[in-house]
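Structural overview for review
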Amino acid sequence: MVKAVKEGKNLEARKDMAMSALLSGLCLSNSGLGAAHALSHPLGVYYKIPHGLSCTVLLPYVMEYNLPVVTKKLVKIAESLGENISLLSETEAAQKAVEKIKEVLSQAGINSNLSEWEIKKEDFSRLIKDAKGGSLNNNPRDISDENLIELLYKMTGLY
Ligand SMILES: [Fe+2]
């Protein structure tokens, strides 16, 4: 991803990104999506944030939120991303997946939150209302309005 972003004319890197997009499409068609995707839709509607960007920025926040119920899956992700987890507890190893995603996004020049979009906390209630439905219902960990408010504070940089 980083290479494709930094070297936009690198056809090999672009091909790898296209393959990644295909694989992610196959995955989401079979497993569904979660809270990052659910919140990305109203953020696109009200703030015109490009869908891929908001999904990307929100992903590590939602991974961290979901960590207690998808710990083993995150451990596999950390391993597959090349993290050395041999001396870590399961929770620490799962956290490595979150940190690795943050690192890759940073290397690609993607901000760690959506602060540049100046999202207003007065809009949180309608963002949450419009996030409800398919993707949010599919989030692996139950998520209340209070949880979503907390996530929005972090994601928007208003914390
Ligand atoms: Fe989408």
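Shown above is the structure to which this text applies.
Every value quoted in this text rests on a predicted model; they were computed, and no experiment measured them.

The next subject is the packing of helix 3 (residues 35–47) against helix 4 (residues 51–66). Angle between the axes and distance between the axes: these two values describe a pair of packed helices. It is the contact of helix 3 with helix 4, at a shortest axis distance of 8 Å, that shows an interaxial angle of 140°. Considering their axes alone, helix 3 and helix 4 lie oblique with respect to each other. Remark: the crossing between helix 3 and helix 4 carries right-handed chirality. Each of A35, A36, H37, L39, S40, L43 and G44 in helix 3 lies in contact with helix 4, whose residues at this interface are H51, S54, C55, L58, L59 and V62. For the contact of helix 3 with helix 4, a count of residues per class yields eight nonpolar, five polar and no charged.

The subject of this paragraph is the environment of V75. Within the fold, V75 resides in helix 5 (residues 71–80). What makes V75 buried here is the crowd of 22 C-beta atoms within 10 Å. Along the sequence, V75 and A97 sit 22 residues apart, while their C-alpha atoms lie 6.8 Å from each other. Discounting residues that sit within four places of it in the chain, V75 has contacts with I85, E90, A93 and A94.

What counts as what
Residues numbered from 1 in each chain as written. Predicted model: local features only at pLDDT ≥ 70, side-chain atom pairs only at ≥ 80, totals over all residues. Axes fitted to C-alpha atoms, helices over the stretch in contact; angles between N-to-C directions. Helix = DSSP H or I, 4+ residues; strand = E, 2+ residues; numbered from the N terminus. Parallel < 35°, antiparallel > 145°, perpendicular 65-115°, else oblique. Left-handed = near helix turned anticlockwise from the far one by under 90°. Contact = placed C-beta atoms within 7 Å. Nonpolar A, V, L, I, M, F, W, Y, C, P; charged D, E, K, R; others polar. Buried ≥ 20, exposed ≤ 12 C-beta atoms within 10 Å, placed from the backbone.

Function cannot be read off these values alone, since they describe shape.
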